[in-house]
Amino acid sequence: MNFLEERILKDGIVKEGNVLKVDSFLNHQMDIALIDRIGEEFYERFKDKKITKVLTIEASGIAIACAVARCFGVPMVFAKKSKSVNIDGDVYVAEVESFTHKTQNRVIVSKRFLGPEDHVLIVDDFLANGCALQGLISITEGAGATVEGLGIVIEKGFQFGGRAIRNLGYHLESIAIVESMDAEAGSVQFADQGK
């Protein structure tokens, strides 16, 4: 069992509808030492790749992506969920469905911050149906950049997102893969990743 799985068992809350609440340490209140350790873990898993940018989607992925980018010594870019007046010029756009919020979002990245010379590591906090990752892959490839890998903090392995992304040939690493959850018992089972 790795450090993240231990923390999920200690402080995560399983709710009906396959919801795993980790808001006390990951995506509302954040344990910064844990976030830094996650950044270091992704660095170890992808250090053989030539990473020039770390890309995520707002909002929960931002802190994680900052920690990862610090380890690689590269900029972090995040896809915004709405266009604001301070984004000028051309943008890359993708439609993304949120599993958590059950909404469709149009996400954008300014063309000034992503181009053909970039080698991108995409990171996010959760992977369920894979829509957010597919949107970020679409933006990256639309920029002519190279997707070097995808790092997920918690993957819901019982949903199709991880399989779909891996079947497309991408290098996907998840720190914790939840195999099953039981809200009544409050239990979580993790996949054996052999690491």
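Up top you'll find the structure we're talking about.
Remember, it's a predicted structure, so these values are computed and weren't measured experimentally.

Along the chain, the regular secondary structure elements total 5 helices and 10 strands. Scaling as 2.2 N^0.38, a compact globule of 195 residues should have a C-alpha radius of gyration of about 16 Å, and the chain matches this with 16 Å. Seen through its C-alpha atoms, the chain measures out along the principal axes to roughly 50 × 35 × 35 Å. Per-residue burial for the chain yields a buried fraction of 48% across its 195 residues. Pairs at least 24 apart in sequence give 59% of the contacts found in the chain among residues at least 6 apart. On the chain, roughly 9500 Å² of surface is accessible, and the fraction owed to carbon and sulfur atoms is 48%. Charged side chains in the chain number 22 positive and 28 negative. The centres of these two groups are separated by 4 Å.

Before going further, it helps to examine unusual backbone geometry. The residue after Glu 58, namely Ala 59, is reached through a cis peptide bond having omega 5 degrees. Residue placement: Ala 59 occurs in the loop between strand E3 (53-57) and helix H3 (61-72). For Asn 18, which is not glycine, the phi torsion reads 60 degrees and is therefore positive. Topologically, Asn 18 is positioned in the loop between strand E1 (13-15) and strand E2 (19-21). The exposure class of Asn 18 is partly exposed, given its relative accessible area of 35%.

Glancing now at the environment of Thr 52. Positionally, Thr 52 belongs in the loop between helix H2 (32-46) and E3. Residue class for Thr 52 comes out partly exposed when judged on its relative accessible area of 21%. Along the chain, Thr 52 and Gly 162 lie 110 residues apart, while their C-alpha atoms are 24 Å from each other. Excluding residues within four positions of it along the chain, Thr 52 makes contact with Val 74, Pro 75, Glu 117, Asp 118 and His 119.

Let us now look at helix H4 (residues 131-142). Think of an α-helix as 3.6 residues a turn; residues three or four steps apart then line up on the same face. In this model, H4 (12 residues) spans 16 Å end to end at C-alpha, consistent with the 16 Å of a helix rising 1.5 Å per residue. When H4 is considered as a whole, its buried residues turn out to be Ala 132, Leu 133, Gly 135, Leu 136, Ile 137, Ile 139 and Thr 140. Count one or two residues on from H4 and you reach Gly 144, which has phi positive near 80 degrees.

Leu 4, Ile 8, Leu 20, Leu 26, Ile 38 and Ile 154 are the most contacted members of the largest nonpolar core, which totals 33 residues. Put simply, the parts of the chain that give this core at least two residues each are helix H1 (3-11), H2, H3, strand E7 (119-127), strand E8 (146-156), strand E9 (172-182) and strand E10 (187-190). For this core, the element with the highest residue contribution is H3, accounting for 6 residues. Not counting the four nearest positions on each side in its chain, Ile 38 is found in contact with Phe 3, Leu 26, Ile 64, Val 153 and Ile 175.

The subject of this paragraph is H3. Its 12 residues place the ends of H3 16 Å apart at the C-alpha level, agreeing with the 16 Å of an ideal helix rising 1.5 Å per residue. Among the residues of H3, Gly 61, Ile 64, Ala 65, Ala 67, Val 68, Ala 69 and Phe 72 are the ones counted as buried. Trailing H3 by a residue or two, Gly 73 shows a phi angle of about 70 degrees, which is positive.

Parameters and conventions
Residues numbered from 1 in each chain as written. Predicted model: local features only at pLDDT ≥ 70, side-chain atom pairs only at ≥ 80, totals over all residues. Heavy atoms only, no water. Helix = DSSP H or I, 4+ residues; strand = E, 2+ residues; numbered from the N terminus. Rg over C-alpha atoms; globule rule 2.2 N^0.38 Å. Buried < 20%, exposed > 50% of the residue type's maximum accessible area, 1.4 Å probe, protein only. Contact = heavy atoms within 4.5 Å. Areas by Shrake-Rupley, 256 points an atom, 1.4 Å probe, with all protein chains shown as cover. Lys, Arg positive; Asp, Glu negative; His and termini not counted. Charge placed at Lys NZ, Arg CZ, Asp CG, Glu CD. Expected span 1.5 Å × (residues − 1). Core = buried A, V, L, I, M, F, W, Y, C linked by side-chain atoms within 4.5 Å.

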